[in-house]
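Reading the structure
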Amino acid sequence: MSEELPVILERKNIKPTAMRLLVLDFLMNQPSAISLTDLEKGLEPCDRITVYRALKKFEESGLVHHIDDGTGITKYAFCAEECNPGHHHDLHVHFFCNTCKQTSCLPKTQIPQVSLPEGFHKEEVSLVVKGTCNLCYTLQ
Ligand SMILES: [Zn+2]
Ligand SMILES: [Zn+2]
Ligand SMILES: [Zn+2]
């Protein structure tokens, strides 16, 4: 486990409990976004509620964001940029690979500004591109 983990949590004013450090370490080492179920499996025998609470805490604090990739299963990914509590700046595009079914963050590809008609107020914007990821493409 990296020494920097407690520092990452403390910067977000999160108390670095053993459980939170475990969840953070696991999340940071994922090549793609992960569902709560897979997170639990990876952290077994940790208690589901505890894992979920740690995840929610991270999300509230701007460390982790959730992704609705259209599969009906919410995925979570570590925020690569400086997100603040209650305000995520990483409005990047996500990519869903139809072959390996993995969802990845594309932090360098920002979601373009969306203009709405008068009287409409946005709460969340997400953009998911579906196709073949670089790994699956080279294996074809
Ligand atoms: Zn974020
Ligand atoms: Zn793929
Ligand atoms: Zn993302």
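Quick notes on the rules
- Residues numbered from 1 in each chain as written.
- Chains lettered and ligands numbered in written order.
- Predicted model: local features only at pLDDT ≥ 70, side-chain atom pairs only at ≥ 80, totals over all residues.
- UniProt positions renumbered as here; feature names shortened; annotations may be inferred.
- Helix = DSSP H or I, 4+ residues; strand = E, 2+ residues; numbered from the N terminus.
- Buried ≥ 20, exposed ≤ 12 C-beta atoms within 10 Å, placed from the backbone.
- Contact = placed C-beta atoms within 7 Å.
- Pairing = 2+ DSSP bridges.
- Core = buried A, V, L, I, M, F, W, Y, C linked by C-beta atoms within 7 Å.
- Axes fitted to C-alpha atoms, helices over the stretch in contact; angles between N-to-C directions.

**Considerations on the UniProt feature "binding site: Zn(2+)" (unreviewed entry) in the protein chain**
- Sequence positions flagged by UniProt for "binding site: Zn(2+)" (unreviewed entry) are, in local numbering, Cys97, Cys100, Cys133 and Cys136. The named residues occupy 40 residues along the chain; their greatest pairwise C-alpha distance, 8.2 Å, places them in one compact cluster.
- Here Cys97 lies in strand β4 (residues 92-97).
- Take Cys97: there are 19 C-beta atoms within 10 Å of it, and that puts it in the partly exposed class.
- The contact partners of Cys97, leaving out residues within four places of it in the chain, are Gln102, Gly131, Thr132, Cys133 and Cys136.
- By the element assignment, Cys100 lies in the loop between β4 and β5 (103-110).

**A look at the pairing of strand β2 (residues 64-68)**
- Of the pairings in the sheet, the one linking β2 to strand β3 (residues 74-78) comprises five bridges and is antiparallel in character. Within the sheet, the bridge partner assigned to Asp68 lies in β3 and is Thr74.
- Linking β2 to β3, which pair antiparallel, is a turn of five residues; within it Gly70 sits at a positive phi near 90 degrees.

**Some remarks on the nonpolar core**
- Counting 18 residues, the largest nonpolar core has Val23, Leu27, Ala33, Leu55, Val64, Tyr76 and Ala77 as its most contacted members.
- Contributing elements (two or more residues each) for this core: α2 (18-28), α4 (48-60), β2 and β3.
- The leading source of residues in this core is α4, at four residues.
- Excluding residues that lie within four positions of it along the chain, Tyr76 makes contacts with Leu27, Ala33, Ile34, Leu55, Val64 and His66.

**Comments concerning the sheet that holds strand β6 (residues 128-131)**
- Pairing is mixed across the open sheet formed by three strands, whose spatial order is β5-β4-β6. Either end of the sheet is taken by a strand with one partner, and the two such strands are β5 and β6. Put simply, the sheet's adjacent strands are angled 30 degrees from each other on average, direction ignored.
- In terms of strand pairing, β4 meets β6 through four bridges, oriented parallel. If you follow Phe95 over to β6, its bridge partner there is Val129.

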